[in-house]
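# Structural overview
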Amino acid sequence: MDYTSKIKKLLNSRQFKELEDIRTAIAQKMEESLYRHSIQTMDFAVMLAFKHYPDIYSDKDFLYKVCISALLHDYGKILEKQDLLDIVSRNIKGLSYFEKTCYACLHGYAAPFLIKRDFGINDKDIYNAISRHTTGSCNMSILDRIVYISDKLEAGRNYNNIEHLRKLSLINPDLCLLEVYKSNIIYVISKNCALHPDTSRIWNYICGGYKNVT
Ligand SMILES: [Fe+2]
């Protein structure tokens, strides 16, 4: 579903213009498949926000953050690995050795620096949602969860069980987060890749947080 008209009605004119300017800019900078994934992640995120965030019709800032975080979550992927490594080592403090060298994670960690530099975005909630979309985190906010789930379930994704997960995202987003996180762990292992050292801690945290709706 295209939520553009709904978004336009709810965001203020400055927020909508910023969103449209960013959309236009990334259309020039991203490969077509990455641009499509970014737009579809935003569509899915907006759908989840309307479904699960009770104040969505009055909280313009939340909707704006959902749109920007989802649209820019993979912005770091416009850069090559070496450029990402340079940016992270020069500008991002507090990362572990694993985080600095894991290419699949680097684009998420570098993105807050890049979106501030390129679009003037200076918002901690947006930075967190983007940084956490690869590995997840303990204590994820609603915004973090929406972006994490939407990245994995947007309309262009296709893998076993995805239809079940999409339905679950509408009914029980907490259980959906657990299932999507699980599926991500299995995917990483199936590729013989290393898991982030915090994975078991995050898994246990998410396990304790989901609500079983019957
Ligand atoms: Fe993504």
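Keep in mind that this is a model prediction, so the values were computed, not measured. (Residues numbered from 1 in each chain as written. Predicted model: local features only at pLDDT ≥ 70, side-chain atom pairs only at ≥ 80, totals over all residues. Heavy atoms only, no water.)

### Looking at the pattern of salt bridges
Taken as a whole and assessed by the stated rule, the structure comprises 16 salt bridges. Close ionic contact of K65 with D123 constitutes a salt bridge, the shortest N to O distance being 3.3 Å. On the criterion of sequence distance, the pair formed by K65 in helix 4 (residues 60-72) and D123 in the loop between helix 7 (103-119) and helix 8 (124-131) is long-range, its members being 58 residues apart. The pair K65 / D123 is uniform in exposure class, with both members buried. Across the salt bridge formed by E179 and K182, the nearest N and O atoms sit 3.1 Å from each other. (Salt bridge = Lys/Arg side-chain N within 4 Å of Asp/Glu carboxyl O. Helix = DSSP H or I, 4+ residues; strand = E, 2+ residues; numbered from the N terminus. Buried < 20%, exposed > 50% of the residue type's maximum accessible area, 1.4 Å probe, protein only.)

### A closer look at the side chain of D151
Position of D151 relative to the elements: it lies in helix 9 (residues 142-153). Overall, D151 belongs to the buried group, its relative accessible area being 5%. A distance of 2.9 Å separates polar atoms of two side chains, one belonging to D151 and the other to H37. Reaching out from D151, the side chain makes a polar contact with the side chain of H73 at a distance of 3.1 Å. (Polar contact = N/O pair within 3.5 Å; in protein donor to acceptor, adjacent residues only side chain to side chain.)

### Considering the coordination of the iron ion
Taken together, the protein donors to the iron ion comprise H37 (NE2), H73 (NE2), D74 (OD) and D151 (OD), at separations of 2.1 to 2.2 Å. Considering all four donor atoms around the iron ion, the spread of angles at the metal, 83 to 174°, places the coordination shape in the irregular class. In primary sequence terms, the donor set of the iron ion follows H-x35-H-D-x76-D. On the criterion of sequence distance, the pair formed by H37 in helix 3 (residues 32-52) and D74 in the loop between helix 4 and helix 5 (81-91) is long-range, its members being 37 residues apart. As far as the burial class goes, H37 and D74 line up, both buried. (Donors = N, O, S within 2.8 Å, 3.2 Å for Na, K, Ca; no water. Tetrahedral: all angles 85-135°; square planar, octahedral: opposite > 155°, others 65-115°.)

### Quick word on the side chain of D74
Look at D74 and you get buried, because its relative accessible area is 2%. A polar contact is formed between the side chain of D74 and the side chain of H37, at a distance of 3.1 Å. Only 3.1 Å separates the side chain of D74 from the side chain of H133, close enough to count as a polar contact. Among residues more than four places away in sequence, those in contact with D74 are M30, L34, H37, H107, H133 and D151. (Contact = heavy atoms within 4.5 Å.)

### Things to note about the packing of helix 9 against helix 11 (residues 173-190)
Across the interface, helix 9 lies against helix 11 with an axial gap of 10 Å and an inter-helix angle of 55°. Classed by the angle they form, the pair helix 9 and helix 11 counts as oblique. Seen from above, helix 9 lies across helix 11 with left-handed handedness. In contact with R145, Y148, I149, K152 and L153 of helix 9, helix 11 contributes P173, D174, C176, L177, V180, Y181 and N184. For the contact of helix 9 with helix 11, the residue count by class is eight nonpolar, one polar and three charged. (Axes fitted to C-alpha atoms, helices over the stretch in contact; angles between N-to-C directions. Parallel < 35°, antiparallel > 145°, perpendicular 65-115°, else oblique. Left-handed = near helix turned anticlockwise from the far one by under 90°. Nonpolar A, V, L, I, M, F, W, Y, C, P; charged D, E, K, R; others polar.)

### Considerations on the packing of aromatic side chains
Considering all chains together, one arrives at four aromatic pairs under this definition. Taking the centre distance of 3.8 Å and the plane angle of 20° together, the rings of Y53 and F62 count as stacked. Assessed through its relative accessible area of 10%, F62 is described here as buried. The positively charged end of K6 is found above the aromatic ring belonging to F50, 4.3 Å away from the centroid. The ring of Y148 carries the charged tip of K152 above its face, separated from the ring centre by 3.7 Å. (Phe/Tyr/Trp six-rings, centres within 6.5 Å; stacked < 30°, edge-to-face > 60°. Lys NZ or Arg CZ within 6 Å of the ring centre and 35° of its normal.)

### What to know about the environment of Y109
Tracing the chain through its elements places Y109 in helix 7. Put simply, Y109 and I206 are 97 residues apart on the chain and 21 Å apart in space, counted from C-alpha to C-alpha. With residues near it in sequence (within four places) discarded, Y109 still touches I92, L95, E99, S131, T135 and H196. Here E99 takes part through its side chain, which lies 3.5 Å from a polar atom of the side chain of Y109.

### Structural notes on the layout of surface pockets
What the largest pocket holds in volume is close to 820 Å³. Lining the largest pocket are 29 residues, and of these A104, T134, N184, Y187 and V188 lie nearest its centre. Of all elements in the fold, only helix 7, helix 9 and helix 11 reach the threshold of two or more residues within the lining of the largest pocket. Ranked by residues supplied to the lining of the largest pocket, first place goes to helix 11 with seven residues. Looking at the lining of the largest pocket, its residues break down into 14 nonpolar, nine polar and six charged. What the second largest pocket holds in volume is close to 250 Å³. (1 Å grid on protein atoms, 1.4 Å probe; cavity = no way out; pocket = protein on both sides within 12 Å on 5 of 7 lines; lining within 4 Å. Points joined across faces, edges and corners; volume = space filled by probe spheres on them.)

These figures capture arrangement, not role.
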